[in-house]
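# Analysis of the macromolecular model
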There are 2 protein chains.
Amino acid sequence: MNESFCFEVTHRSGQARSGVITMPRGIIRTPAFMPVGTAATVKAMYPDAVKALGADIVLSNTYHLMLRPGAERIAELGGLHKFMNWPYPILTDSGGFQVMSLAKLRKLDENGVTFQSHIDGARYVLTPERSMEIQALLGSDIEMQFDECVRLPCSEAEAERAMRLSLRWAERSKTAFRAKPGRAIFGIVQGGATQALRVESAQALVDMEFNGYAIGGLAVGEPQAIMLAMIETVVPHLPFLKPRYLMGVGTPDDLLQSVGRGIDMFDCVMPTRAGRHGLAYTRYGRLNLRNARHASDASPIDPYSACTAARDYSRAYLHHLIKSGEILGMMLLTAVNLAYYQDLMAGMRSAIAAGNFDAFCAETKTNWARGEGKAA
Amino acid sequence: MNESFCFEVTHRSGQARSGVITMPRGIIRTPAFMPVGTAATVKAMYPDAVKALGADIVLSNTYHLMLRPGAERIAELGGLHKFMNWPYPILTDSGGFQVMSLAKLRKLDENGVTFQSHIDGARYVLTPERSMEIQALLGSDIEMQFDECVRLPCSEAEAERAMRLSLRWAERSKTAFRAKPGRAIFGIVQGGATQALRVESAQALVDMEFNGYAIGGLAVGEPQAIMLAMIETVVPHLPFLKPRYLMGVGTPDDLLQSVGRGIDMFDCVMPTRAGRHGLAYTRYGRLNLRNARHASDASPIDPYSACTAARDYSRAYLHHLIKSGEILGMMLLTAVNLAYYQDLMAGMRSAIAAGNFDAFCAETKTNWARGEGKAA
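Keep in mind the model is a prediction, meaning the values are calculated, not measured. (Residues numbered from 1 in each chain as written. Chains lettered and ligands numbered in written order. Predicted model: local features only at pLDDT ≥ 70, side-chain atom pairs only at ≥ 80, totals over all residues. Heavy atoms only, no water.)

## Examining the overall build of chain A
Summing up its helical and strand segments, chain A has 15 helices and 16 strands in all. At 20 Å, chain A has a C-alpha radius of gyration in line with the 21 Å of a compact globule built from 376 residues. Oriented by its inertia axes, the alpha-carbon framework of chain A measures out at about 60 × 45 × 45 Å. In chain A, which comprises 376 residues, the share counted as buried stands at 61%. Within the structure as shown, chain A displays about 13700 Å² of accessible surface, and the carbon and sulfur contribution to it stands at 52%. (Helix = DSSP H or I, 4+ residues; strand = E, 2+ residues; numbered from the N terminus. Rg over C-alpha atoms; globule rule 2.2 N^0.38 Å. Buried < 20%, exposed > 50% of the residue type's maximum accessible area, 1.4 Å probe, protein only. Areas by Shrake-Rupley, 256 points an atom, 1.4 Å probe, with all protein chains shown as cover.)

And the structure:
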C-alpha cells in the first residue's frame, strides 16, 4: 500500500489532462467526479454501488456531520470510512460554505464563525483550527482549508475582504493540519469574479505549498462564462503537478468545459438531487421522467449502458415510480445519473489519453443536442 | 420449464408442512413469505435484492395498479413482470380489500363495487369479472377471487352477508378466470370470527375446486387468539394437497403460530413498512433504531446474518440515517427485515423437514425474548 499522497499527470490533450492520485485508501483517476455524501451517505445509494458505477472518491460535508452525529462520535465509532462503509478515499469540505448557506444567526470575525444549527438551534463555533480538527476526527483523506465563500454577484471590496480573510485562514488551516502521511490538504482560491483578486489568491496559496488547489466561490449563481473565465485566470498560476479541484460543479457541460481548461476534480449534488426529482442525465440529453410523454414508453434510458438501472427498466416504469413517489424511482434515477457522470469522466479520460479531447467534446455535445435521450 | 401449476407437500412436523409450488416462472418453497410490491415495487428495494434475500414470489395490488398506471397500460408494456423487472412468480390480490380500506365513496351491490380513486377522485367499477380481467392483463401467476372483506369486530349478520356475497363472487371469478396453463386462482375463505360461517365458506369454496385457498378477513384488528382459532377452524376443511394462504399476516410470531397450524403462504407489509420507520426485526427481537441508546452502538444488527445490510453497518450509523431522514436508512432496514422474514421461513422449512418444528419454535421464541437484538 502506498503511504504517501502522489499525483501524476499521465496524458495531455490541449489544456485537458488525465492522471492518477495515489493514496493509501486507493487511487483516484482524474479527471474525477466525486459523488456527494453529505450526511455520510450518497443519498439513495448503497456504497458498493457508488463504487461499482465508477467513483474512486466521495465528498462528505463537515458542517452536516459536526451537527449530526458529531465528529467526536464518528471518531469513537472508528472514523467516517467505517461509519459509512466506504473504504476508499473521502474528501471533506471545511464547513465554511455551508455555514454561510444553511446555518442560522451567523456571526463572522477574524477568529471564525459562530452560528446556530439549522437542525436544533444549538450554538457552534467553527474556526480554521476546529474545522481541521473535525476533518481529522472524521479521518478524511483530503481535507479542505477553512474559507469564507461569498455569493456572486458581490462587490469587489467584499470579494477582496473575504479572499484575504480566507488566505489568513489558509495559513491557520495548514498549521493546524500538520503533516499526515498519505493525507492531503487543499487550499481554496477565492476572489469573486475579479481577475486580480483570483490571481493574488492563487499565488499566495501556492506559496504556502498545499497538496492540491481548489477553486471555490464559483457555480454560486453566476453565468457559466464568468466561471470559465475565472478558471482560465486561475489555472496558469497553479502548479502543473498538483491536482486542481473545481468545487460544487456542475452540469455535464460544465465538466466538459472545465476539464478542457485543466481542472482535475469535481463534486456536485446535481446528479443525485436531480435523480430524486425525476430528472435523468443521458448521452442524448436530459430527460424529465415526470413528463407524461414517458408514460407508455417501453424503451429504457439507455440500452447500451453498463448500469442496470439505465438498461433494465422502461421509461414508463420510471415515470410510474416517480409519479407514485416510490423510493425505487429515486434509487434508480440516482444510479442512472451517477453512472452517466462517471461514464462522462471515463470518456474524457480516454479521450485525453488518446489525444482527441476536442473531438470527444464535439461528439458529446452533438449527442446531447439530439435530445429525447434516445439513440438515433 | 414446467407449464402447469403443481403443489407438493414434502415434509410434515405436527400440523406444520413444507413443500414446493412449481409454476412456469419458478418454484415457491413453502411455507413462503411474499414481500408486498403494492405499486409494482417492493418499496426501497431493487428487485434482484428481493430475490437474493430469499423471496420466490412477490404480491402486487390490483387496486393500486388499476388506478396507476392502469392494467391496460401494463399489458401494453408487456405485463407486470417485465414492467417491474421481476421474472419470478407474482400473486395479485383482487382489489376487494383495498377498495374497502382506501377508496372514497364506495357503493357496493350484487354486481360489484363502484368507488372513487383515492389519488384523483376518478370513478371506477370493480366486479369479479373486471378484477379477473385486470389480473390477467397484469399477467399474474396466482390470481385471487374478488371478495368482500369486512373489518372485525362486525356483527354476525354482516359477516354472513359478506361471506355469501363473496361465495357468489367466487363462482363468477372462477368462471371469468377460465383455465390458464401454469396460472392459478385461489378462493378466499371469509366469515368473520364466526366458526360456522368460516366452515360453510371453506366447504363451498372447496366444492368449486380452486388451485389454492386463502383465509381472508383476519389480521384486521382482532386479537391473535381469534385469528389462530379461525385458522384452526378452517384448515381441517381445506384439501391437504392445495396451498393455504393466510392473507395480510403478519408479525414473526404470527407466522410461527400459523405455520404450526398448517398455513403455507403469507404476505404482509410489516417488514417493509417497519423498515421505513426505523424498526428492525432480528433473531433477538425487535429494535427501534430511532432510540437514542443506539446512537453510539458500533455493533451491527446481526454479525452472523447473510444480509450485508444487517452485518456491515453499525446500529449507530442506522440510527444516524433514520434520524436524518436518509433514504439509505429505509433501504438498509427494509433489507434487514426482509432478510429476517425470509430467514425465519427458511428456518421453519428446515425444521419441518427435520421433524423438529416445535423445538425450532421454542428456540426462536427464547431468542426473541432475549431482547436487545444481540447475541448473548
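## Regarding the pattern of salt bridges
Considering all chains together, one arrives at 38 salt bridges over all chains under this definition. Here Arg 164 of chain A makes a salt bridge to Glu 200 of chain A, at a shortest N to O gap of 2.1 Å. Of this pair, Arg 164 of chain A sits in helix 7 (residues 156–177) while Glu 200 of chain A sits in helix 8 (residues 195–208), and the two are 36 residues apart along the sequence. Of the residues examined, Arg 164 of chain A reaches a relative accessible area of 30% and is grouped as partly exposed. We classify Glu 200 of chain A as partly exposed; its relative accessible area is 29%. For Lys 107 of chain B, the salt bridge identified is with Asp 109 of chain B, shortest N-O distance 3.5 Å. (Salt bridge = Lys/Arg side-chain N within 4 Å of Asp/Glu carboxyl O.)

## A word on helix 6 (residues 128–138) of chain A
Because an α-helix packs 3.6 residues into every turn, residues spaced three or four apart end up facing the same way. Residues and elements named next belong to chain A. Of all the positions in helix 6, only Pro 128, Ser 131, Met 132, Ile 134, Gln 135 and Leu 138 are classed as buried. One face of helix 6 carries all of its buried residues, which in axial projection span an arc of 160°. A positive phi of about 85° marks Gly 139, the residue just after helix 6. (Arc of directions from axis to C-beta.)

## Examining the pairing of strand 4 (residues 32–35) of chain A
Residue and element names in this part refer to chain A. Because side chains alternate across strand 4, one face comprises the buried residues Ala 32 and Met 34, and the other comprises Phe 33 and Pro 35, equally buried. Of the pairings in the sheet, the one linking strand 4 to strand 14 (residues 265–268) comprises four bridges and is parallel in character. In the sheet register, Phe 33 faces strand 14, and the bridge partner there is Phe 266. (Pairing = 2+ DSSP bridges.)

## Here we look at the relation of the copies chain B and chain A
The two copies are related by a screw motion: chain B maps onto chain A through a turn of 180° and a shift of 0.0 Å along the axis, at an RMSD of 0.0 Å. On this basis, the relationship between the two copies can be described by a two-fold rotation axis. Within chain B, Ile 327 of chain B has its C-alpha nearest the rotation axis, a separation of 3.8 Å. A symmetric contact is evident, with 97% of the interface residues of chain B recurring at the interface of chain A. (Least-squares fit on C-alpha atoms with pLDDT ≥ 70 in both. Contact = heavy atoms within 4.5 Å.)

## A word on the sheet that holds strand 12 (residues 212–215) of chain B
All names here are of chain B. Sheet architecture is open: eight strands sit in the order 4-14-13-12-11-10-6-5, paired in parallel fashion. Looking at strand neighbours, the two that pair on one side only are strand 4 (32–34) and strand 5 (58–60), the edges of this open sheet. Here the average twist between neighbouring strands, direction ignored, is 25°. Across two bridges, strand 13 (residues 244–246) lies against strand 14 (residues 265–267) in parallel orientation. By the bridge assignment, Leu 246 is partnered in strand 14 with Phe 266. Sheet strands in contact with helix 6 (residues 128–138) are strand 6 (90–92), strand 10 (142–144) and strand 11 (184–189), and its direction is about 160° off that of strand 10. (Axes fitted to C-alpha atoms, helices over the stretch in contact; angles between N-to-C directions.)

## Side note on the sheet that holds strand 8 (residues 113–116) of chain B
All names here are of chain B. One open sheet holds the three strands; their spatial order is 7-8-9, and the pairing between them is antiparallel. The open sheet is flanked by strand 7 (104–108) and strand 9 (123–126), the only strands paired with a single partner. Geometrically, the sheet is characterised by an average inter-axis angle of 15° between neighbouring strands, direction not taken into account. Strand direction decides the pairing type here: strand 8 and strand 9, joined by four bridges, are antiparallel. Pairing of Phe 115 across the sheet is with Tyr 124, part of strand 9.

## A closer look at unusual backbone geometry
Residues and elements named next belong to chain A. The step from Arg 68 to Pro 69 runs through a cis peptide bond, and the omega angle for that step is 5°. Examined against the element boundaries, Pro 69 turns out to sit in the loop between helix 2 (62–67) and helix 3 (71–76). Of note in the backbone geometry, Ala 44 takes a positive phi value of approximately 70° without being a glycine. Within the secondary structure layout, Ala 44 lies in the loop between strand 4 and helix 1 (47–52). The exposure class of Ala 44 is buried, given its relative accessible area of 0%. Positive phi outside glycine occurs at Arg 178, with the angle close to 55°.

## Some details on the interface of chain B and chain A
Counting from both sides, the interface comprises 37 residues of chain B and, opposite them, 36 residues of chain A. Both sides of the chain B and chain A interface together cover about 3100 Å² of buried area, and 61% of this is carbon and sulfur. In terms of surface lost to chain A, no three residues of chain B exceed Tyr 46, His 320 and Ile 327 of chain B, which account for 20% of the buried area on that side. Counting across the chain B and chain A interface gives 14 residue pairs in polar contact (both at pLDDT 80 or more). Those elements that place two or more of their residues in the side of chain B that touches chain A are helix 13 (315–323) and helix 14 (327–354) of chain B. The element best represented in the side of chain B that touches chain A is helix 14 of chain B, accounting for six residues. Residues belonging to the side of chain B that touches chain A are distributed by class as follows: 23 nonpolar, six polar and eight charged. (Buried area = accessible area lost by both parts, 1.4 Å probe. Polar contact = N/O pair within 3.5 Å; in protein donor to acceptor, adjacent residues only side chain to side chain. Nonpolar A, V, L, I, M, F, W, Y, C, P; charged D, E, K, R; others polar.)

## Focus on the environment of Leu 321 of chain B
Mapped onto the secondary structure, Leu 321 of chain B falls in helix 13. The buried category is assigned to Leu 321 of chain B, whose relative accessible area is 0%. What Leu 321 of chain B contacts, discounting residues up to four positions off in sequence, is Thr 41 of chain A together with Glu 326, Leu 328, Gly 329 and Leu 332 of chain B.

Function-wise, these values are silent; they only describe arrangement.
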